[in-house]
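Remarks on the overall topology
So the chains spell out like this:
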Amino acid sequence: MATVTAEQVEARVVETLASFGPDADQISRESTFEELDIDSLDLVELAQVVEDDYGVVLKGEDMKELKTVGDAIDLIVSRAE
Amino acid sequence: MSDADSNGHLPSRRRVVVTGLGAVTPLGVGSEMLYSRWAAGECGIFDGAGACTDFEPSEVLTVKEMRRLDRFAQLALVAAGEALADSGWDRELPYDPMRIGCIVATGIGGIQTIEMQHDVLRDRGPARMSPLGIPAQMSNAAAAAVSMKFGLKGQMYSVASACSSGAHAIGCGLRMIQYHDADAVVVGGAEATLTPFGFGSFNSMQALSPTGISRPFDARRDGFVMGEGAGVLVLEAADAAAARGAKVLGEVTGYGSTSDAYHLTAPEPSGAAATRAIELALNDAGIGPDEVDYVNAHGTSTQLNDAAETAALKRALGEDRAYRIPISSTKSAVGHLLGAAGAVEAVATVKTLTARVIPPTVGYEVPDPDCDLDYVPGEARPLVMSNGHPPVALSNSFAFGGHNVALVFKGAQS
(Lines give C-alpha, C1' and ligand atoms only; values in the text may rest on other atoms or scores of the structure.)
Protein backbone atom coordinates (compact mmCIF):
# COMPACT_ATOMS: atom_id res chain seq x y z
CA MET A 1 0.00 0.00 0.00
CA ALA A 2 3.02 2.26 0.29
CA THR A 3 2.75 3.16 -3.37
CA VAL A 4 -0.62 4.89 -3.01
CA THR A 5 -0.44 8.54 -3.94
CA ALA A 6 -2.73 11.36 -2.87
CA GLU A 7 -3.57 11.89 -6.53
CA GLN A 8 -4.70 8.30 -6.95
CA VAL A 9 -6.85 8.46 -3.83
CA GLU A 10 -8.36 11.77 -4.90
CA ALA A 11 -9.27 10.40 -8.31
CA ARG A 12 -10.86 7.30 -6.79
CA VAL A 13 -12.78 9.27 -4.16
CA VAL A 14 -14.09 11.76 -6.73
CA GLU A 15 -15.12 8.94 -9.07
CA THR A 16 -16.91 7.12 -6.27
CA LEU A 17 -18.68 10.22 -4.97
CA ALA A 18 -19.74 11.12 -8.51
CA SER A 19 -21.41 7.72 -8.82
CA PHE A 20 -23.58 8.70 -5.82
CA GLY A 21 -25.14 11.69 -7.59
CA PRO A 22 -23.07 14.90 -7.83
CA ASP A 23 -21.35 15.77 -11.11
CA ALA A 24 -17.64 14.98 -11.05
CA ASP A 25 -16.74 18.54 -12.05
CA GLN A 26 -18.65 19.80 -9.02
CA ILE A 27 -16.37 17.87 -6.69
CA SER A 28 -13.14 19.41 -5.39
CA ARG A 29 -11.04 18.95 -2.25
CA GLU A 30 -12.82 21.96 -0.80
CA SER A 31 -16.34 20.67 -1.44
CA THR A 32 -18.27 19.85 1.71
CA PHE A 33 -20.25 16.65 1.83
CA GLU A 34 -23.24 18.71 2.82
CA GLU A 35 -23.15 20.82 -0.34
CA LEU A 36 -22.66 17.69 -2.45
CA ASP A 37 -25.68 16.10 -0.74
CA ILE A 38 -23.47 13.23 0.38
CA ASP A 39 -24.80 11.77 3.62
CA SER A 40 -23.77 9.14 6.14
CA LEU A 41 -25.16 6.30 4.01
CA ASP A 42 -23.04 7.43 1.06
CA LEU A 43 -19.96 7.65 3.28
CA VAL A 44 -20.42 4.05 4.39
CA GLU A 45 -20.38 3.02 0.74
CA LEU A 46 -17.30 5.14 0.15
CA ALA A 47 -15.63 3.41 3.11
CA GLN A 48 -16.39 0.01 1.55
CA VAL A 49 -14.68 1.07 -1.69
CA VAL A 50 -11.70 2.46 0.20
CA GLU A 51 -11.30 -0.74 2.18
CA ASP A 52 -11.49 -2.85 -0.97
CA ASP A 53 -9.00 -0.69 -2.86
CA TYR A 54 -6.53 0.41 -0.18
CA GLY A 55 -7.13 -1.90 2.79
CA VAL A 56 -7.97 1.14 4.88
CA VAL A 57 -10.74 0.56 7.39
CA LEU A 58 -12.81 3.65 8.16
CA LYS A 59 -15.17 3.36 11.12
CA GLY A 60 -18.25 5.40 11.88
CA GLU A 61 -16.37 7.64 14.32
CA ASP A 62 -13.76 8.39 11.65
CA MET A 63 -16.45 9.43 9.20
CA LYS A 64 -18.23 11.74 11.64
CA GLU A 65 -15.27 14.10 11.65
CA LEU A 66 -15.15 14.43 7.87
CA LYS A 67 -16.53 17.69 6.53
CA THR A 68 -14.90 18.03 3.12
CA VAL A 69 -13.71 15.78 0.34
CA GLY A 70 -10.17 16.83 1.20
CA ASP A 71 -10.65 15.65 4.80
CA ALA A 72 -11.57 12.21 3.50
CA ILE A 73 -8.66 12.05 1.06
CA ASP A 74 -6.15 13.11 3.73
CA LEU A 75 -7.47 10.54 6.19
CA ILE A 76 -7.31 7.73 3.64
CA VAL A 77 -3.80 8.67 2.51
CA SER A 78 -2.54 8.91 6.10
CA ARG A 79 -3.99 5.52 6.97
CA ALA A 80 -2.64 3.92 3.81
CA GLU A 81 0.92 4.93 4.57
CA MET B 1 -55.07 15.27 15.93
CA SER B 2 -58.75 15.11 15.01
CA ASP B 3 -60.93 18.17 15.23
CA ALA B 4 -63.08 16.54 17.91
CA ASP B 5 -65.04 18.86 20.21
CA SER B 6 -64.67 18.85 23.99
CA ASN B 7 -67.04 15.89 24.27
CA GLY B 8 -64.97 13.88 21.84
CA HIS B 9 -67.58 14.08 19.07
CA LEU B 10 -66.22 14.23 15.57
CA PRO B 11 -67.70 16.66 13.11
CA SER B 12 -69.55 15.13 10.17
CA ARG B 13 -67.55 13.17 7.63
CA ARG B 14 -66.05 15.20 4.87
CA ARG B 15 -66.60 14.22 1.25
CA VAL B 16 -63.43 13.17 -0.54
CA VAL B 17 -62.67 13.97 -4.16
CA VAL B 18 -60.00 12.80 -6.57
CA THR B 19 -58.03 15.67 -8.10
CA GLY B 20 -55.00 13.93 -9.58
CA LEU B 21 -54.09 10.64 -11.22
CA GLY B 22 -50.78 9.05 -12.06
CA ALA B 23 -49.71 5.65 -13.30
CA VAL B 24 -46.78 3.72 -14.69
CA THR B 25 -47.94 0.43 -16.15
CA PRO B 26 -47.08 -2.11 -18.84
CA LEU B 27 -49.18 0.06 -21.18
CA GLY B 28 -46.80 2.98 -20.75
CA VAL B 29 -45.79 5.88 -18.56
CA GLY B 30 -48.83 7.93 -17.63
CA SER B 31 -52.42 7.37 -16.61
CA GLU B 32 -53.70 8.38 -20.03
CA MET B 33 -51.54 5.69 -21.67
CA LEU B 34 -53.08 3.16 -19.30
CA TYR B 35 -56.65 4.19 -19.96
CA SER B 36 -56.60 5.03 -23.65
CA ARG B 37 -54.62 1.96 -24.67
CA TRP B 38 -56.75 -0.34 -22.52
CA ALA B 39 -59.91 1.23 -23.95
CA ALA B 40 -58.50 0.57 -27.43
CA GLY B 41 -58.23 -3.10 -26.51
CA GLU B 42 -54.44 -3.13 -26.34
CA CYS B 43 -52.48 -5.40 -24.04
CA GLY B 44 -49.10 -4.66 -22.42
CA ILE B 45 -48.23 -8.29 -21.74
CA PHE B 46 -45.35 -9.87 -23.62
CA ASP B 47 -43.59 -13.18 -23.01
CA GLY B 48 -45.81 -13.92 -20.05
CA ALA B 49 -45.14 -10.74 -18.09
CA GLY B 50 -46.45 -7.21 -17.83
CA ALA B 51 -43.21 -5.24 -17.68
CA CYS B 52 -43.01 -1.44 -17.70
CA THR B 53 -40.69 -1.46 -20.70
CA ASP B 54 -41.37 2.20 -21.53
CA PHE B 55 -40.22 3.29 -18.08
CA GLU B 56 -36.61 4.50 -18.32
CA PRO B 57 -35.53 5.55 -14.81
CA SER B 58 -32.56 7.64 -15.98
CA GLU B 59 -34.87 9.88 -17.99
CA VAL B 60 -37.06 10.84 -15.06
CA LEU B 61 -35.06 10.30 -11.87
CA THR B 62 -31.84 11.69 -10.46
CA VAL B 63 -28.79 9.49 -9.93
CA LYS B 64 -29.43 9.66 -6.22
CA GLU B 65 -33.06 8.61 -6.60
CA MET B 66 -32.09 5.71 -8.84
CA ARG B 67 -29.43 4.49 -6.42
CA ARG B 68 -31.52 4.88 -3.30
CA LEU B 69 -34.80 3.49 -4.51
CA ASP B 70 -35.79 -0.02 -5.40
CA ARG B 71 -37.70 -0.24 -8.66
CA PHE B 72 -41.08 -0.37 -6.88
CA ALA B 73 -40.35 2.97 -5.23
CA GLN B 74 -39.03 4.45 -8.48
CA LEU B 75 -42.31 3.56 -10.17
CA ALA B 76 -44.24 5.10 -7.28
CA LEU B 77 -42.24 8.32 -7.42
CA VAL B 78 -42.95 8.81 -11.11
CA ALA B 79 -46.65 7.99 -10.74
CA ALA B 80 -46.85 10.40 -7.81
CA GLY B 81 -45.15 13.14 -9.82
CA GLU B 82 -47.80 12.80 -12.51
CA ALA B 83 -50.64 12.76 -9.98
CA LEU B 84 -49.42 15.84 -8.12
CA ALA B 85 -48.91 17.74 -11.36
CA ASP B 86 -52.40 16.69 -12.45
CA SER B 87 -53.72 18.21 -9.21
CA GLY B 88 -51.81 21.42 -9.84
CA TRP B 89 -49.61 20.72 -6.83
CA ASP B 90 -46.35 20.73 -8.72
CA ARG B 91 -45.46 24.34 -8.00
CA GLU B 92 -46.61 24.55 -4.42
CA LEU B 93 -48.61 22.48 -1.98
CA PRO B 94 -52.11 23.92 -1.50
CA TYR B 95 -52.37 22.94 2.18
CA ASP B 96 -50.31 22.96 5.34
CA PRO B 97 -47.85 20.10 4.61
CA MET B 98 -48.58 18.65 8.06
CA ARG B 99 -52.20 18.22 6.89
CA ILE B 100 -51.23 16.21 3.80
CA GLY B 101 -50.93 12.46 4.27
CA CYS B 102 -49.18 9.90 2.11
CA ILE B 103 -50.04 6.21 1.91
CA VAL B 104 -48.23 4.22 -0.76
CA ALA B 105 -48.82 0.51 -0.43
CA THR B 106 -46.94 -2.49 -1.68
CA GLY B 107 -47.58 -6.19 -1.44
CA ILE B 108 -43.98 -7.36 -1.54
CA GLY B 109 -41.68 -4.31 -1.34
CA GLY B 110 -38.14 -4.08 -2.62
CA ILE B 111 -37.54 -7.66 -3.65
CA GLN B 112 -34.99 -6.73 -6.34
CA THR B 113 -32.86 -5.12 -3.66
CA ILE B 114 -33.18 -8.14 -1.40
CA GLU B 115 -32.13 -10.49 -4.17
CA MET B 116 -29.14 -8.34 -5.17
CA GLN B 117 -27.99 -7.83 -1.61
CA HIS B 118 -28.41 -11.49 -0.84
CA ASP B 119 -26.02 -12.22 -3.68
CA VAL B 120 -23.53 -9.81 -2.08
CA LEU B 121 -24.02 -11.44 1.33
CA ARG B 122 -23.39 -14.90 -0.08
CA ASP B 123 -20.49 -13.97 -2.37
CA ARG B 124 -18.65 -11.25 -0.44
CA GLY B 125 -19.90 -11.45 3.13
CA PRO B 126 -22.03 -9.22 5.35
CA ALA B 127 -19.49 -6.38 5.56
CA ARG B 128 -19.90 -5.67 1.86
CA MET B 129 -23.67 -5.37 1.94
CA SER B 130 -24.93 -1.96 0.96
CA PRO B 131 -26.08 0.36 3.75
CA LEU B 132 -28.98 1.06 1.39
CA GLY B 133 -30.14 -2.55 1.48
CA ILE B 134 -32.76 -2.31 4.20
CA PRO B 135 -33.92 1.27 3.51
CA ALA B 136 -34.38 0.41 -0.17
CA GLN B 137 -36.26 -2.83 0.38
CA MET B 138 -38.48 -1.79 3.27
CA SER B 139 -42.19 -1.81 2.48
CA ASN B 140 -42.60 1.84 3.41
CA ALA B 141 -39.77 2.97 1.09
CA ALA B 142 -42.12 4.13 -1.67
CA ALA B 143 -44.29 6.11 0.74
CA ALA B 144 -41.17 7.64 2.29
CA ALA B 145 -39.74 8.55 -1.11
CA VAL B 146 -42.96 10.30 -2.17
CA SER B 147 -43.24 12.10 1.15
CA MET B 148 -39.63 13.32 0.98
CA LYS B 149 -39.68 14.36 -2.66
CA PHE B 150 -42.86 16.39 -2.37
CA GLY B 151 -42.63 17.54 1.26
CA LEU B 152 -45.75 15.77 2.53
CA LYS B 153 -45.56 15.90 6.33
CA GLY B 154 -48.83 14.45 7.58
CA GLN B 155 -49.40 10.78 8.40
CA MET B 156 -47.28 8.66 6.08
CA TYR B 157 -47.05 4.89 5.86
CA SER B 158 -47.42 1.84 3.67
CA VAL B 159 -50.07 -0.80 4.03
CA ALA B 160 -49.48 -4.41 3.08
CA SER B 161 -52.28 -6.78 2.12
CA ALA B 162 -50.76 -8.49 -0.92
CA CYS B 163 -52.93 -7.90 -3.96
CA SER B 164 -55.38 -5.60 -2.18
CA SER B 165 -52.67 -3.30 -0.77
CA GLY B 166 -53.34 -0.49 -3.24
CA ALA B 167 -57.07 -0.57 -2.52
CA HIS B 168 -56.47 -0.56 1.22
CA ALA B 169 -54.27 2.52 0.80
CA ILE B 170 -57.15 4.34 -0.87
CA GLY B 171 -59.56 3.25 1.87
CA CYS B 172 -57.17 4.42 4.58
CA GLY B 173 -56.65 7.76 2.83
CA LEU B 174 -60.40 8.18 2.44
CA ARG B 175 -60.95 7.67 6.16
CA MET B 176 -58.04 9.95 7.05
CA ILE B 177 -59.73 12.83 5.27
CA GLN B 178 -63.28 11.92 6.25
CA TYR B 179 -62.28 11.99 9.90
CA HIS B 180 -60.44 15.30 9.60
CA ASP B 181 -56.97 13.89 10.23
CA ALA B 182 -55.80 15.36 6.93
CA ASP B 183 -57.01 17.80 4.27
CA ALA B 184 -55.48 15.74 1.49
CA VAL B 185 -53.74 12.40 1.11
CA VAL B 186 -51.59 11.08 -1.69
CA VAL B 187 -52.54 7.41 -1.98
CA GLY B 188 -51.39 4.58 -4.17
CA GLY B 189 -49.61 1.32 -4.62
CA ALA B 190 -46.43 0.10 -6.28
CA GLU B 191 -44.90 -3.24 -7.13
CA ALA B 192 -41.89 -4.57 -9.04
CA THR B 193 -41.58 -8.30 -8.60
CA LEU B 194 -40.57 -9.47 -12.06
CA THR B 195 -37.55 -11.17 -10.54
CA PRO B 196 -36.28 -14.76 -10.32
CA PHE B 197 -37.68 -15.04 -6.79
CA GLY B 198 -41.03 -13.59 -7.84
CA PHE B 199 -41.47 -15.81 -10.88
CA GLY B 200 -40.08 -18.88 -9.13
CA SER B 201 -42.28 -18.58 -6.10
CA PHE B 202 -45.51 -17.76 -7.92
CA ASN B 203 -44.75 -20.54 -10.39
CA SER B 204 -44.31 -23.07 -7.62
CA MET B 205 -47.71 -22.04 -6.29
CA GLN B 206 -49.07 -22.78 -9.78
CA ALA B 207 -50.64 -19.34 -9.66
CA LEU B 208 -49.11 -18.05 -12.89
CA SER B 209 -50.60 -18.71 -16.31
CA PRO B 210 -48.51 -21.37 -18.10
CA THR B 211 -49.72 -19.96 -21.42
CA GLY B 212 -48.76 -16.44 -20.36
CA ILE B 213 -52.19 -15.09 -21.24
CA SER B 214 -54.29 -12.97 -18.90
CA ARG B 215 -57.92 -13.58 -19.83
CA PRO B 216 -60.09 -13.01 -16.79
CA PHE B 217 -63.49 -14.77 -16.65
CA ASP B 218 -62.79 -16.68 -19.89
CA ALA B 219 -63.27 -20.46 -19.63
CA ARG B 220 -59.70 -20.94 -20.88
CA ARG B 221 -58.14 -18.85 -18.09
CA ASP B 222 -55.25 -20.69 -16.46
CA GLY B 223 -53.65 -18.34 -13.96
CA PHE B 224 -52.55 -14.75 -13.61
CA VAL B 225 -49.79 -12.96 -15.48
CA MET B 226 -47.51 -10.99 -13.20
CA GLY B 227 -47.08 -7.32 -13.96
CA GLU B 228 -45.30 -4.37 -12.39
CA GLY B 229 -46.14 -0.72 -12.00
CA ALA B 230 -47.58 1.95 -9.77
CA GLY B 231 -50.75 3.96 -9.46
CA VAL B 232 -51.23 7.12 -7.41
CA LEU B 233 -54.28 9.28 -6.72
CA VAL B 234 -54.47 12.65 -5.01
CA LEU B 235 -57.43 12.73 -2.65
CA GLU B 236 -58.63 16.01 -1.20
CA ALA B 237 -61.41 17.03 1.13
CA ALA B 238 -64.18 18.18 -1.20
CA ASP B 239 -64.68 21.46 0.66
CA ALA B 240 -60.98 22.29 0.55
CA ALA B 241 -60.68 21.33 -3.11
CA ALA B 242 -63.67 23.53 -3.96
CA ALA B 243 -62.20 26.43 -1.99
CA ARG B 244 -59.02 26.34 -4.03
CA GLY B 245 -60.88 25.85 -7.29
CA ALA B 246 -59.39 22.44 -7.95
CA LYS B 247 -60.35 20.42 -11.00
CA VAL B 248 -62.37 17.48 -9.65
CA LEU B 249 -62.00 14.15 -11.48
CA GLY B 250 -64.31 12.12 -9.30
CA GLU B 251 -65.22 11.23 -5.77
CA VAL B 252 -64.41 8.30 -3.50
CA THR B 253 -67.73 7.58 -1.84
CA GLY B 254 -67.45 4.11 -0.37
CA TYR B 255 -65.02 1.68 1.19
CA GLY B 256 -65.64 -1.76 2.63
CA SER B 257 -63.18 -4.40 3.73
CA THR B 258 -63.42 -7.86 5.27
CA SER B 259 -61.33 -11.01 5.58
CA ASP B 260 -62.03 -14.63 4.68
CA ALA B 261 -60.22 -16.26 7.63
CA TYR B 262 -60.15 -19.33 5.44
CA HIS B 263 -56.96 -20.12 3.50
CA LEU B 264 -53.54 -18.65 2.81
CA THR B 265 -54.03 -18.37 -0.94
CA ALA B 266 -57.47 -19.66 -1.97
CA PRO B 267 -60.56 -17.46 -1.78
CA GLU B 268 -63.37 -18.79 0.40
CA PRO B 269 -65.60 -20.45 -2.23
CA SER B 270 -68.97 -19.03 -1.18
CA GLY B 271 -67.58 -15.51 -1.39
CA ALA B 272 -69.45 -14.56 1.79
CA ALA B 273 -66.80 -12.20 3.14
CA ALA B 274 -66.11 -10.74 -0.30
CA THR B 275 -69.85 -10.17 -0.67
CA ARG B 276 -69.88 -8.40 2.65
CA ALA B 277 -67.02 -6.11 1.62
CA ILE B 278 -69.00 -5.02 -1.44
CA GLU B 279 -72.15 -4.50 0.65
CA LEU B 280 -70.20 -2.45 3.18
CA ALA B 281 -68.78 -0.26 0.42
CA LEU B 282 -72.22 0.34 -1.09
CA ASN B 283 -73.63 1.14 2.36
CA ASP B 284 -70.71 3.46 3.01
CA ALA B 285 -71.52 5.24 -0.23
CA GLY B 286 -75.19 5.35 0.69
CA ILE B 287 -76.26 3.67 -2.53
CA GLY B 288 -77.97 0.48 -3.62
CA PRO B 289 -76.98 -1.95 -6.40
CA ASP B 290 -79.26 -0.13 -8.86
CA GLU B 291 -76.96 2.87 -8.78
CA VAL B 292 -73.82 0.97 -9.78
CA ASP B 293 -73.11 1.55 -13.47
CA TYR B 294 -69.81 -0.31 -13.84
CA VAL B 295 -67.67 -2.81 -11.97
CA ASN B 296 -63.90 -2.77 -12.32
CA ALA B 297 -63.34 -6.36 -11.27
CA HIS B 298 -60.37 -7.85 -9.48
CA GLY B 299 -60.58 -10.45 -12.30
CA THR B 300 -57.15 -12.09 -12.06
CA SER B 301 -57.55 -14.83 -14.69
CA THR B 302 -57.25 -17.58 -12.09
CA GLN B 303 -59.94 -20.25 -12.00
CA LEU B 304 -60.71 -19.66 -8.33
CA ASN B 305 -60.76 -15.87 -8.14
CA ASP B 306 -62.90 -15.19 -11.15
CA ALA B 307 -65.55 -17.73 -10.15
CA ALA B 308 -65.60 -16.58 -6.52
CA GLU B 309 -65.73 -12.91 -7.54
CA THR B 310 -68.62 -13.61 -9.90
CA ALA B 311 -70.48 -15.37 -7.07
CA ALA B 312 -69.78 -12.48 -4.70
CA LEU B 313 -70.99 -9.88 -7.21
CA LYS B 314 -74.25 -11.79 -7.71
CA ARG B 315 -74.82 -12.04 -3.98
CA ALA B 316 -73.92 -8.44 -3.22
CA LEU B 317 -75.70 -6.80 -6.15
CA GLY B 318 -78.57 -9.26 -6.54
CA GLU B 319 -78.69 -11.57 -9.55
CA ASP B 320 -80.96 -9.36 -11.65
CA ARG B 321 -78.79 -6.32 -11.22
CA ALA B 322 -75.49 -8.22 -11.47
CA TYR B 323 -76.40 -9.52 -14.95
CA ARG B 324 -77.09 -5.99 -16.15
CA ILE B 325 -73.92 -4.22 -14.94
CA PRO B 326 -70.92 -4.21 -17.28
CA ILE B 327 -67.83 -5.66 -15.63
CA SER B 328 -64.29 -5.52 -16.95
CA SER B 329 -60.84 -6.38 -15.67
CA THR B 330 -57.85 -4.08 -16.11
CA LYS B 331 -55.67 -7.16 -15.59
CA SER B 332 -56.65 -8.33 -19.08
CA ALA B 333 -54.51 -5.46 -20.40
CA VAL B 334 -51.66 -5.15 -17.90
CA GLY B 335 -51.58 -8.39 -15.92
CA HIS B 336 -51.68 -8.55 -12.16
CA LEU B 337 -49.77 -5.71 -10.55
CA LEU B 338 -50.13 -7.24 -7.06
CA GLY B 339 -49.81 -4.49 -4.45
CA ALA B 340 -50.16 -1.82 -7.14
CA ALA B 341 -53.24 -3.41 -8.71
CA GLY B 342 -55.90 -1.77 -6.55
CA ALA B 343 -54.42 1.68 -7.08
CA VAL B 344 -53.82 1.30 -10.82
CA GLU B 345 -57.33 -0.06 -11.24
CA ALA B 346 -58.72 2.86 -9.24
CA VAL B 347 -56.92 5.22 -11.63
CA ALA B 348 -58.41 3.33 -14.58
CA THR B 349 -61.85 3.39 -12.95
CA VAL B 350 -61.84 7.14 -12.40
CA LYS B 351 -60.73 7.63 -16.00
CA THR B 352 -63.54 5.34 -17.14
CA LEU B 353 -66.07 7.43 -15.22
CA THR B 354 -64.63 10.61 -16.71
CA ALA B 355 -64.57 9.33 -20.31
CA ARG B 356 -67.93 7.57 -19.91
CA VAL B 357 -66.45 4.71 -21.93
CA ILE B 358 -65.94 1.24 -20.47
CA PRO B 359 -62.78 -0.56 -21.63
CA PRO B 360 -63.23 -4.25 -22.46
CA THR B 361 -61.96 -7.40 -20.80
CA VAL B 362 -59.28 -7.87 -23.44
CA GLY B 363 -59.13 -11.34 -24.95
CA TYR B 364 -62.36 -12.56 -23.36
CA GLU B 365 -64.06 -14.94 -25.79
CA VAL B 366 -65.16 -18.24 -24.28
CA PRO B 367 -67.87 -18.11 -21.60
CA ASP B 368 -67.55 -20.18 -18.45
CA PRO B 369 -70.75 -21.38 -16.73
CA ASP B 370 -69.27 -20.22 -13.41
CA CYS B 371 -68.61 -16.76 -14.84
CA ASP B 372 -71.81 -15.76 -16.58
CA LEU B 373 -72.00 -11.99 -16.15
CA ASP B 374 -71.37 -9.25 -18.73
CA TYR B 375 -67.59 -8.92 -18.91
CA VAL B 376 -67.56 -6.39 -21.77
CA PRO B 377 -66.10 -8.67 -24.44
CA GLY B 378 -64.59 -7.41 -27.65
CA GLU B 379 -64.38 -3.67 -27.49
CA ALA B 380 -65.06 -0.66 -25.33
CA ARG B 381 -68.62 0.52 -25.01
CA PRO B 382 -70.37 3.66 -23.79
CA LEU B 383 -71.05 3.81 -20.08
CA VAL B 384 -74.80 4.03 -19.54
CA MET B 385 -75.70 6.07 -16.48
CA SER B 386 -78.60 5.09 -14.29
CA ASN B 387 -81.05 7.97 -13.82
CA GLY B 388 -78.77 10.46 -15.52
CA HIS B 389 -76.63 10.94 -12.42
CA PRO B 390 -72.87 11.09 -12.54
CA PRO B 391 -71.84 7.48 -13.07
CA VAL B 392 -70.86 5.21 -10.19
CA ALA B 393 -68.34 2.39 -10.26
CA LEU B 394 -67.37 -0.38 -7.90
CA SER B 395 -63.74 -1.54 -7.84
CA ASN B 396 -62.87 -4.85 -6.17
CA SER B 397 -59.57 -6.12 -4.84
CA PHE B 398 -58.96 -9.49 -3.22
CA ALA B 399 -55.73 -11.00 -2.02
CA PHE B 400 -53.70 -13.92 -0.77
CA GLY B 401 -54.23 -13.98 2.96
CA GLY B 402 -57.99 -13.61 2.50
CA HIS B 403 -58.30 -9.82 2.12
CA ASN B 404 -61.40 -8.37 0.48
CA VAL B 405 -61.66 -4.69 -0.40
CA ALA B 406 -64.35 -2.83 -2.32
CA LEU B 407 -64.24 0.84 -3.26
CA VAL B 408 -66.99 2.99 -4.73
CA PHE B 409 -66.17 5.90 -7.02
CA LYS B 410 -68.50 8.52 -8.45
CA GLY B 411 -67.65 10.38 -11.62
CA ALA B 412 -67.43 14.13 -11.79
CA GLN B 413 -70.35 16.18 -13.09
CA SER B 414 -69.91 16.46 -16.83
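Remember, predicted model here, so these are calculated numbers, not experimental data.

For the rest of this paragraph, the subject is helix 2 (residues 40–54) of chain A. Residues and elements named next belong to chain A. Along its 15 residues, helix 2 runs 20 Å from first to last C-alpha, staying within 8% of the 21 Å computed at 1.5 Å per residue. Those residues of helix 2 that fall on the buried side of the exposure criterion are D42, L43, L46, A47 and V50. End-on view of helix 2: buried residues confined to an arc of 145°, all on one side of the axis. Packing partners of the buried residues in helix 2 comprise helix 1 (6–19), helix 3 (60–64) and helix 4 (69–80).

The next point concerns the packing of helix 4 (residues 71–86) of chain B against helix 7 (residues 141–150) of chain B. Packed helix pairs are specified by the crossing angle of their axes together with the interaxial distance, meaning the distance between the axes. All names here are of chain B. Packing of helix 4 against helix 7 leaves a shortest axis separation of 9 Å and a crossing angle of 40°. By the angle class used here, helix 4 and helix 7 are oblique. Of the two possible hands of crossing, helix 4 and helix 7 adopt the one that is right-handed. Seen from helix 4, the contacting residues are F72, A73, A76, L77, A80 and L84; seen from helix 7, they are A141, A142, A145, V146, K149 and F150. Split by residue class, the contact of helix 4 with helix 7 holds 11 nonpolar, no polar and 1 charged.

Residues and elements named next belong to chain B. Their axes nearest at 8 Å, the elements helix 11 (residues 272–285) and helix 12 (residues 303–317) cross at an angle of 45°. Comparing the axis directions of helix 11 and helix 12 gives the class oblique. Classified by chirality, the crossing of helix 12 by helix 11 is right-handed. Counted together, A274, T275, I278 and E279 of helix 11 and A308, E309, A312, R315 and A316 of helix 12 form the full contact between these two elements.

The next point concerns the confidence of the model for chain A. Residues with a pLDDT of 70 or more make up 98% of chain A, whose mean pLDDT is 93. Ranking the helices and strands of chain A by mean pLDDT puts helix 1 of chain A first, with 96, and helix 3 of chain A last, with 87.

What follows is about the nonpolar core. Judged by nonpolar contacts, the single largest core of 128 residues is most densely connected at L75(B), A76(B), V146(B), V185(B), L233(B), L235(B) and L407(B). Of all the elements, helix 4 of chain B adds the most residues to this core, at 10 residues. Not counting chain neighbours up to four residues away, the residues in contact with L235(B) comprise V16(B), V18(B), G173(B), L174(B), I177(B), A184(B), V185(B), V187(B) and V252(B). Counting 18 residues, the second-largest nonpolar core is a separate cluster that includes V14(A), L43(A), V56(A) and I76(A).

All names here are of chain B. Burial within strand 12 (residues 392–399) is extensive, with 8 of its 8 residues counted as buried. Pairing between strand 8 (residues 294–296) and strand 12: 3 bridges, direction parallel. When the bridges of strand 12 are listed, N296 appears paired with S395. Judged from the 8 bridges that link them, strand 12 and strand 13 (residues 403–411) form a sheet pairing that is antiparallel. Residue pairing for strand 13: A393 is matched across the bridge by F409. What sits between the antiparallel neighbours strand 12 and strand 13 is a turn of 3 residues, in which G401 has the positive phi angle 105°.

Calculation criteria
- Residues numbered from 1 in each chain as written.
- Chains lettered and ligands numbered in written order.
- Predicted model: local features only at pLDDT ≥ 70, side-chain atom pairs only at ≥ 80, totals over all residues.
- Helix = DSSP H or I, 4+ residues; strand = E, 2+ residues; numbered from the N terminus.
- Expected span 1.5 Å × (residues − 1).
- Buried ≥ 20, exposed ≤ 12 C-beta atoms within 10 Å, placed from the backbone.
- Arc of directions from axis to C-beta.
- Contact = placed C-beta atoms within 7 Å.
- Axes fitted to C-alpha atoms, helices over the stretch in contact; angles between N-to-C directions.
- Parallel < 35°, antiparallel > 145°, perpendicular 65-115°, else oblique.
- Left-handed = near helix turned anticlockwise from the far one by under 90°.
- Nonpolar A, V, L, I, M, F, W, Y, C, P; charged D, E, K, R; others polar.
- pLDDT = per-residue confidence, 0-100.
- Core = buried A, V, L, I, M, F, W, Y, C linked by C-beta atoms within 7 Å.
- Pairing = 2+ DSSP bridges.

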